[in-house]
Every structure is written in structure tokens, then in C-alpha cells.
Amino acid sequence: AIHSDLGKRSAIKTLRAHYARSPDVRKRFLREGQAASKIRHPHIVDVYDVAIQDKMPFLVMEYLEGEVLASVIARDKPLGVQRTADLLIPVIAAVAAAHDLGILHRDLKPENVFLSKDRGGVVQPKVLDFGISKILNAQEEHSLTGTSNLIGTPYYMSPEQARSEKQIDARSDQYSFGVILYECVTGERPFEGPTLY
């Protein structure tokens, strides 16, 4: 979208209509914007607004140009130690800032690390998609996720998250980050399988 007065470009993220009908999915979606805007870190996608229009929730976010880390890994694997460090140290800082505020991402994966390029062509990694984040000590957390729901991407999920344990903490994100790091350096995920079990 382009702001009619300022001419500034933004990205607008919405839910598919069938998801928007679910109150829990709408709450989780709106919480993504609230979590990301609460952290306010240069390596987390900036959220400008969150609202509902005609029963459709939406987020207004900074417009990014570049590609996701998953595309870079698929094209250039392995990335090498120095390049991996350059790309992932900012991600570590962003995730640590979230943890400092009691926010767990719970879906760290190469598809949620966007390698944005600024006007000078410098790559600025950005963490995306706090849609299934967990805000520690939040009263509504149990109702939004439940104990039997598998939330996250299995290849990058910590064992305790895969077991749907209630009391996961920052170590779960650290595990996911370790899988990303391994994949960047080796070009392969540490564990592969045709099913979850």
C-alpha cells in the first residue's frame, strides 16, 4: 500500500477469510502486531498499525525488499561461517530483545528471517511473523494455544515444544536458532523425516 499523503510504502498483512472467522485465530493474528511493535528492534519487522476493517483483521508493516533466508540457503548452501555470522548475529540480538520483554517467538525458521536490503544495498536481517509468539505470564495464553495443539514448524521445533509442553521458555527459541545456524553452515537440517514421529 502507498500512503495517500506521504507517498510512503507499507506492507499490509491480512488473514484468509476462512481463518478470519475464528476468534482465536484473529486474536493470535492481532497479537502478532502487538508483540512485534512492543519489541521495537531494528532487526524485527516494524508494525505501524493493527486493526479490523469489515471483520477483517490486518497489520500495517514496514515494506521490505529482499528475500527470506530460506531462499539464500537453497541457492547458496552452505553459506560458510563468516557469512552465517554476519546474517545471524543481528537475528540473535532481535530474539534476545524479544526474550528480554518476555516474548517467545516459537516459530524461528529460515522463512521467518527476511534479508532486507537498504538503499545502499546493505543487507539488514529482520525477524518476521510473531503470529504464534508466547507472551510469558499472559493470562489468555492457554486459551489461544491450548496444551494439545502443535504450534510451530517441526524441523525447527524444540523437543519440548514438539511435545506440546505447557512451560516452554527462551531455550526453545535457542534450539530453533541452533537448527537454523546448523543449516546455514552445513546446507542441511540436522534432522529429516517423512513424518512427525
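Numbers given for residues are sequential positions, taken from 1 along each chain in its written order. The predicted nature of this model means local features are confined to residues of pLDDT at least 70 and side-chain atom pairs, given and counted, to a pLDDT of 80 or more, with totals for whole chains, interfaces and linings taken over all residues. No hydrogens and no water enter the side-chain calculation; it runs on all heavy atoms of the structure.

Caption draft 1: Broad picture of the overall build of the chain. The helix count covers DSSP runs of H or I at least four residues long, the strand count covers runs of E at least two residues long, and both are numbered beginning at the N terminus. When its secondary structure is counted, the chain shows seven helices and eight strands. Burial classes follow relative accessibility: with a 1.4 Å probe on protein chains only, a residue under 20% of its type's maximum area counts as buried, one over 50% as exposed, and anything between as partly exposed. With 197 residues in all, the chain has 42% of them scored as buried. Carbon and sulfur atoms make up 53% of the accessible area of the chain, which totals about 11,200 Å². Accessibility throughout is a Shrake-Rupley quantity obtained with a 1.4 Å probe, and a residue counts as covered only by protein chains that appear here.

Caption draft 2: Quick peek at the pattern of salt bridges. Any Lys or Arg side-chain nitrogen found within 4 Å of a carboxyl oxygen on Asp or Glu counts as a salt bridge. Evaluation of the coordinates by the stated rule reveals eleven salt bridges. For the salt bridge of E165 with R163, the shortest nitrogen-to-oxygen distance reads 2.7 Å. Its relative accessible area of 39% is what places E165 among the partly exposed residues. Residue R189 is joined to E192 by a salt bridge in which the shortest nitrogen-to-oxygen separation is 3.2 Å. The exposure class of R189 is partly exposed, given its relative accessible area of 22%. Its relative accessible area of 52% is what places E192 among the exposed residues. Sharing partners across several salt bridges, the network here consists of E67, R75, D76 and R83.

Caption draft 3: Expanded view of helix α4 (residues 81-100). Here α4 spans 27 Å end to end across 20 residues, near enough to the 28 Å set by a 1.5 Å rise per residue. The sharpest bend along α4 reaches about 30° and sits at L88, with the proline P90 one to four residues further on. Of all the residues in α4, the buried ones are T84, L87, L88, P90, V91, A94, V95, A97, A98 and H99. Contacts were defined at the residue level, with two residues in contact if any of their heavy atoms lie within 4.5 Å. Those residues of α4 that are buried are in contact with α2 (23-39), α3 (69-76), β5 (103-104), β6 (113-117), β7 (123-127) and α7 (170-186). Backbone geometry just downstream of α4 places G102 in the positive-phi region, at approximately 80°. Between the first and last residue of a helix there are one fewer steps than residues, each counted as 1.5 Å, and that sum is the expected span. The seven residues ending at a residue and the seven starting there each receive a fitted axis; the angle between those axes is the bend at that residue.

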